[in-house]
Amino acid sequence: QVQLVESGGESVQGGGSLRLSCSAFRFTISSLCMAWFRQAPGKEREGVATIYNGGGGTDYADSVKGRSTISLDIVKNTMYLQMNNLKPEDTAIYYCAAGGGGYCDVYRRDFSFWGQGTQVTVSS
């Protein structure tokens, strides 16, 4: 029953903020590569942000750099993505993912565990 469960997706106005959550069950996240991905209609999945080394390392896609923050709560075994100044182009289904050792940046795609996704919709 290994699971990743996302929550926090909403419909918001441009310029607004959201905090997405990814709760992990039956495994711990502290030693893993954790990532947020998103997929918009008609587009390929893209890496948004990654976090590793227990939160000591992070990587961000250029499209969200400077207005997004990825973080871990080790005690709660939960990963977060805080997104500010949201734009219509942020509209997508957001997925969390977890994988083992190796490189951990926004170009990595081979993750062992995936969540079901949470919908983010940003209007003008």
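Structure first, text after, so check above.
The present account deals with the structure reproduced in this document. Bear in mind the structure is a predicted one, so any value in this text is a computation, not a measurement.

Cut-off values and rules
Within each chain, residues carry numbers counting from 1 in the order of the written sequence. At least 70 in pLDDT is required for a residue's local features to be given in this predicted model, at least 80 for side-chain atom pairs to be given and counted, and no such filter applies to totals for whole chains, interfaces and linings, which use all residues. Side-chain descriptors were evaluated using all non-hydrogen atoms of the structure, hydrogens and water having been removed beforehand. Helix numbers and strand numbers start at the N terminus; a helix is a DSSP run of H or I with at least 4 residues, a strand a run of E with at least 2. Exposure categories follow from relative accessible area, calculated using a 1.4 Å probe and restricted to protein chains: below 20% of the type maximum is buried, above 50% is exposed, and the middle band is partly exposed. By definition, disulfides here are pairs of cysteine sulfur atoms that lie within 2.5 Å. Here, two residues are considered to be in contact whenever any of their heavy atoms come within 4.5 Å of each other. A pair of strands is considered paired only if DSSP assigns at least 2 bridges between the two.

## Here we look at unusual backbone geometry
Working step 1: In this structure, Arg26 is a non-glycine residue whose phi angle is positive, near 75°.
Working step 2: For Arg26, the position within the fold is in the loop between strand E3 (18-25) and strand E4 (33-39).
Working step 3: The phi angle at Asn77 is positive, at roughly 55°, despite the residue not being glycine.
Working step 4: For Asn77, the position within the fold is in the loop between strand E7 (68-73) and strand E8 (78-83).
Working step 5: Note on Asn77: relative accessible area 12%, which makes it buried.

## Structural notes on the state of the cysteines
Working step 1: Evaluated as defined, the whole model comprises two disulfides.
Working step 2: Here Cys22 pairs with Cys96 through a disulfide, and the sulfurs are 2.1 Å apart. The S-S bond linking Cys22 to Cys96 shows a torsion near 65°; that makes this disulfide right-handed. Of the two residues, Cys22 is situated in strand E3 and Cys96 in strand E9 (residues 92-99); the sequence distance between them amounts to 74 residues.
Working step 3: Of the residues examined, Cys96 reaches a relative accessible area of 0% and is grouped as buried.
Working step 4: Look at the chain and number its bonded cysteines as they come in the sequence; the links are 1-3, 2-4.

## Some thoughts on the environment of Cys104
Working step 1: Looking at the secondary structure, you find Cys104 in the loop between E9 and strand E10 (113-114).
Working step 2: Relative accessible area serves as the criterion here: at 9%, Cys104 is assigned to the buried category.
Working step 3: In this structure Cys104 touches Cys33, Met34, Thr50, Ile51, Tyr52 and Asp59, once residues within four positions along its chain are discounted.

## Side note on the pairing of E9
Working step 1: In terms of burial, E9 is a largely internal element, seven of the eight residues being buried.
Working step 2: Bridge count between E4 and E9: seven bridges; the pairing is antiparallel. The residue bridging Phe37 from the neighbouring strand is Tyr95, located in E9.
Working step 3: Here three bridges tie E9 to strand E11 (residues 118-123), and the two strands are oriented antiparallel to one another. Within E11, the position partnered with Ile93 by the bridge is Gln119.
Working step 4: Pairing analysis gives two bridges linking E9 to E10, with the strands arranged antiparallel. Its bridge partner being in E10, Ala97 is matched across the sheet by Trp114.

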